[in-house]
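Each chain, letter by letter, is given below.
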Amino acid sequence: NLGIELSSEKREKIVSLYYELYQAKEKQELNQQNMETQQPAQEPTQSKKFDVAEYLNNQMKYLGFGDNYKETIQQHLDKAEKGFQIKTTSDRVMDGNQVDFAVNFNKSEKGGVFLNSFDARLITQDGEERSHNFKLNFTAKEAMNLLEGRAVKTEFTNSKTSEPFESFVRLKFNEPKNEYDNYKLEFHKANEIDTAKIVELSGLKFEKPEYKDFVIKSLEKGNITNVKFTHEGNEIEGKAVLNPQYKNLNLYDKEMNRLNTNKPLQGLEQDNSHEKNNVRQQNISRSI
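Residues numbered from 1 in each chain as written. Predicted model: local features only at pLDDT ≥ 70, side-chain atom pairs only at ≥ 80, totals over all residues. Heavy atoms only, no water.

## Digging into the pairing of strand β6 (residues 164–172)
Here is step 1 of the chain: Where strand β5 (residues 152–157) meets β6, 6 bridges bridge the pair, whose relative direction is antiparallel. Bridge assignment links E155 to a residue of β6, and that residue is E166.
Here is step 2 of the chain: Linkage of β5 to β6, two consecutive antiparallel strands, is achieved through a turn of 6 residues, within which S162 is found at a positive phi near 65 degrees. (Pairing = 2+ DSSP bridges. Helix = DSSP H or I, 4+ residues; strand = E, 2+ residues; numbered from the N terminus.)

This is the structure:
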């Protein structure tokens, strides 16, 4: 069950640190205001109470669920619950697919409330149901990308050494789920995937240099990305998906018809001896 796991003690320490920073910022802003008005420095007459509901609402916002849950969160905080869920959905999936989420909150023995994970369930246009519990090293959009069969680059923590590492990960739909009812994960080390070079060798066209950086980041998040490239002598607008297993881009036209193969790009050093060959290739046949 890979992901970022923190003990309740560490999580409460993080929240306490957040509160201390909040107070320090408030004091700094007040002192700055006093200097600008030439008033003597003074302490705040009453420190603002740390708003747990707002903090948790911001966490949901940063994960890509939006920021309109504060009132609902507060209602749950006012109840004597050990944990609660907030359910939501999204339309940022491929045409014909449906997705819904259940965001999981838990209370520690000391009363701290934490957003621990979220469950995502995708129903494909063919009626196939895919579900997985995601830790907080994935956003909602990245979870959707994974459930739709694309690879996502993110940071993990080595369970043995506690060292962080970056990797592209893909869900193994063709293997039985693990004991946590989650799909097993296929990893491709990020330091072995040069996305910038793959983009360059794929012949993508960019009107401005900064567009290239945006496309690279979008591809690494597992997005189906709008791009321009040359096909059969003509420059066309289409879509691209990064394929870390074969170290290339899957290129499509606007209607998501495949225009190239899985053959590795010439010019990239090939060292695929560690790669597994039993990965199910996802057939993306419709536009997002």
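Picking up after the structure, the text goes on.
## Side note on the nonpolar core
Note on soluble globular proteins: their nonpolar side chains tend to be buried together.
Here is step 1 of the chain: Core analysis: the largest hydrophobic core is formed by 35 residues, its most contacted members being M60, F65, I73, F101, F105 and F134.
Here is step 2 of the chain: Counting residues per element, the ones that place at least two in this core are α2 (52–62), α3 (70–77), β1 (83–90), β2 (98–107), β3 (113–123), α4 (140–147), β5 and β6.
Here is step 3 of the chain: What F105 contacts, discounting residues up to four positions off in sequence, is L56, M60, I73, G83, F84, I86, F114 and L115.
Here is step 4 of the chain: I216, L219, V227 and L249 belong to the second-largest nonpolar core, a separate cluster that totals 16 residues. (Core = buried A, V, L, I, M, F, W, Y, C linked by side-chain atoms within 4.5 Å. Buried < 20%, exposed > 50% of the residue type's maximum accessible area, 1.4 Å probe, protein only. Contact = heavy atoms within 4.5 Å.)

## Some thoughts on α4
Here is step 1 of the chain: Of all 8 residues that make up α4, 8 are buried, and the element is covered over most of its length.
Here is step 2 of the chain: Of all the residues in α4, the buried ones are A140, K141, E142, A143, M144, N145, L146 and L147.
Here is step 3 of the chain: The inward-facing, buried residues of α4 abut β1, β2, β3, β4 (129–134), β5 and β6.
Here is step 4 of the chain: Following α4 by one or two positions, G149 has its phi on the positive side, about 100 degrees.

## A closer look at the packing of aromatic side chains
Here is step 1 of the chain: Tallied over the full model, the rule gives 11 aromatic pairs.
Here is step 2 of the chain: Between F65 and F101, the ring centres sit 5.2 Å apart and the planes meet at 80 degrees, which makes this aromatic pair edge-to-face. Within this pair, whereas F65 is found in the loop between α2 and α3, its partner F101 is found in strand β2, the two being separated by 36 residues in sequence.
Here is step 3 of the chain: Judged by relative accessible area, F65 falls into the buried class, the value being 9%.
Here is step 4 of the chain: When its relative accessible area of 3% is taken as the criterion, F101 is described as buried.
Here is step 5 of the chain: On the numbers, 5.7 Å between centres and 75 degrees between planes, the contact of F134 with F138 is edge-to-face. This pair shows no difference in class: F134 is buried, exactly as F138 is.
Here is step 6 of the chain: Ring pairing ties together the aromatic residues F65, F101, F118, F134, F138, F156, F165 and F187, which thus form one cluster.
Here is step 7 of the chain: One Lys or Arg, R130, reaches over the ring of F173 and ends 4.3 Å from the middle of that ring.
Here is step 8 of the chain: Cation over ring: K177 sits above Y183, and NZ or CZ is 4.6 Å from the ring centre. (Phe/Tyr/Trp six-rings, centres within 6.5 Å; stacked < 30°, edge-to-face > 60°. Lys NZ or Arg CZ within 6 Å of the ring centre and 35° of its normal.)

## Some words on the side chain of K239
Here is step 1 of the chain: Here K239 shows up in strand β10 (residues 234–243).
Here is step 2 of the chain: It is E237 that comes nearest to the buried, bridge-free K239 among opposite-charge side chains, at 8.8 Å.
Here is step 3 of the chain: Reaching out from K239, the side chain makes a polar contact with the side chain of N226 at a distance of 2.7 Å. (Lys, Arg positive; Asp, Glu negative; His and termini not counted. Salt bridge = Lys/Arg side-chain N within 4 Å of Asp/Glu carboxyl O. Polar contact = N/O pair within 3.5 Å; in protein donor to acceptor, adjacent residues only side chain to side chain.)

## Examining the sheet that holds strand β7 (residues 184–189)
Here is step 1 of the chain: Read from one edge to the other, the open sheet built from 3 strands follows the order β5-β6-β7, with strand pairing classed as antiparallel. The open sheet has two edge strands with one neighbour each: β5 and β7. Taken over all neighbouring pairs, the strand axes of this sheet differ in orientation by 50 degrees on average, direction set aside.
Here is step 2 of the chain: Here β6 pairs with β7 via 6 bridges, running antiparallel. Its bridge partner lying in β7, S167 is registered against K189. (Axes fitted to C-alpha atoms, helices over the stretch in contact; angles between N-to-C directions.)

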